[in-house]
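# Structural characterization, general
One letter stands for each residue in the lines below.
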Amino acid sequence: MPELSQNIIDDLYDMSMVNTVSTDSWRTLRILAETVTAFDKLNAIHNDCVSIFGSARSKENSTDYQQTVAVARAVGQAGFGIITGGGPGLMEAANRGAVEADAPSIGLSMELPNEQGTNPYVRIGCTFRYFSLRKFMFVKYSKAMIAMPGGGGTLDEMSEALVLAQTQKINKMIILYDRAFWKGLIDWMKGPMMERSYIKMDELEENLHYADSPEEVLSLLKDGVG
């Protein structure tokens, strides 16, 4: 039924009768349809889940890709489902690790220009037109979030999770994987940002955690996810 509703709304939205005056009204219905569809699919997953963020540009032969597969496999074998953005690169690697662990492999894909499509390791998929809805689902259905090395999208997802934790809107673990990769950002936050009182040390120490191996990730999850 949700998929049928989405199709109907898509057809209505694309009709020539929908002009600039009514566009926002139809957009509201599309947002509702995407939300209901995602809720129905993700509520049916009975495992606790972990969201894994990371670069779409990493290649299969890269260290980051192989590390992400290993992390996701270990997390999946520990009983968690894996949620990613559903795309290529480290998202694919995380879904691949989930499949290898026989764990729920979930992809929250975006409709984008020149989009490469959902990766072949996604077993439960949702597609979004709106980044805000997609990011909401990452947080709502995750017990923890792991930020692998990445670019602007990864930084956006990690920093939004940090703000939600900082403002006590969520109480979920944020793990930054590969200390060396994230060191420059953390040093900057502890430097200029802290010197101007834009962030506090306890906000960083309480909300951000670090790992360099799948074993360290599992240890953090064991201690912090209940």
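We now turn to the structure provided with this report. In this text the structure is predicted, and so the values were computed from the model without any measurement. (Residues numbered from 1 in each chain as written. Predicted model: local features only at pLDDT ≥ 70, side-chain atom pairs only at ≥ 80, totals over all residues. Heavy atoms only, no water.)

## Thoughts on the sheet that holds strand 3 (residues 105–110)
Taken in spatial order, the seven strands line up as 4-3-2-1-5-6-7 in an open sheet, and their pairing is parallel. Strands at the two margins of the open sheet, each flanked by one partner only, are strand 4 (124–128) and strand 7 (208–211). Neighbour-to-neighbour, the strand axes of the sheet open up by a mean angle of 25°, direction not taken into account. Where strand 6 (residues 173–177) meets strand 7, four bridges bridge the pair, whose relative direction is parallel. Across the sheet, residue Tyr177 finds its bridge partner in strand 7, namely Ala211. Where helix 2 (residues 23–43) meets the sheet, its contacts fall on strand 3 and strand 4, and the angle it forms with strand 4 comes to roughly 165°. Where helix 6 (residues 152–166) meets the sheet, its contacts fall on strand 1 (49–53), strand 5 (144–147), strand 6 and strand 7, and the angle it forms with strand 6 comes to roughly 145°. (Pairing = 2+ DSSP bridges. Helix = DSSP H or I, 4+ residues; strand = E, 2+ residues; numbered from the N terminus. Axes fitted to C-alpha atoms, helices over the stretch in contact; angles between N-to-C directions. Contact = heavy atoms within 4.5 Å.)

## Re the packing of helix 2 against helix 5 (residues 131–140)
Viewed as axis vectors pointing N to C, helix 2 and helix 5 meet at an angle of 25°, and their least axial separation amounts to 11 Å. What the angle tells us is that helix 2 and helix 5 run roughly parallel. Of the two elements, helix 2 crosses helix 5, and the hand of that crossing is right-handed. Residues Ile31, Glu34, Thr35, Ala38, Phe39 and Leu42 of helix 2 form the contact with helix 5, whose participating residues are Leu133, Phe136, Met137 and Lys140. Across the contact of helix 2 with helix 5, the residue classes break down as seven nonpolar, one polar and two charged. (Parallel < 35°, antiparallel > 145°, perpendicular 65-115°, else oblique. Left-handed = near helix turned anticlockwise from the far one by under 90°. Nonpolar A, V, L, I, M, F, W, Y, C, P; charged D, E, K, R; others polar.)

## Some remarks on the nonpolar core
In this structure, Leu108, Phe128, Ile174, Leu176 and Leu208 are the most contacted members of the largest nonpolar core, which totals 34 residues. The leading source of residues in this core is helix 7 (residues 179–195), at five residues. Counting 23 residues, the second-largest nonpolar core is a separate cluster that includes Ile82, Ala94, Ala144 and Leu221. (Core = buried A, V, L, I, M, F, W, Y, C linked by side-chain atoms within 4.5 Å. Buried < 20%, exposed > 50% of the residue type's maximum accessible area, 1.4 Å probe, protein only.)

## Here's the deal with the pattern of salt bridges
All told, the structure shown has 12 salt bridges when counted by the stated rule. Linking Arg73 and Glu100 is a salt bridge whose minimum nitrogen-to-oxygen distance equals 2.8 Å. Placement of Arg73 in helix 3 (residues 63–77) and of Glu100 in helix 4 (residues 90–100) is noted, with a sequence separation of 27 residues between them. Under the relative-accessibility criterion, Glu100 is labelled partly exposed at 41%. Note that Glu157 and Arg134 form a salt bridge whose closest N and O atoms lie 4.0 Å from each other. Of this pair, Glu157 sits in helix 6 while Arg134 sits in helix 5; the two residues are 23 residues apart in sequence, bridging distant segments of the chain. Take Glu157: its relative accessible area is 14%, and that puts it in the buried class. The network of salt bridges with common partners includes Glu60, Arg73, Arg96 and Glu100. (Salt bridge = Lys/Arg side-chain N within 4 Å of Asp/Glu carboxyl O.)

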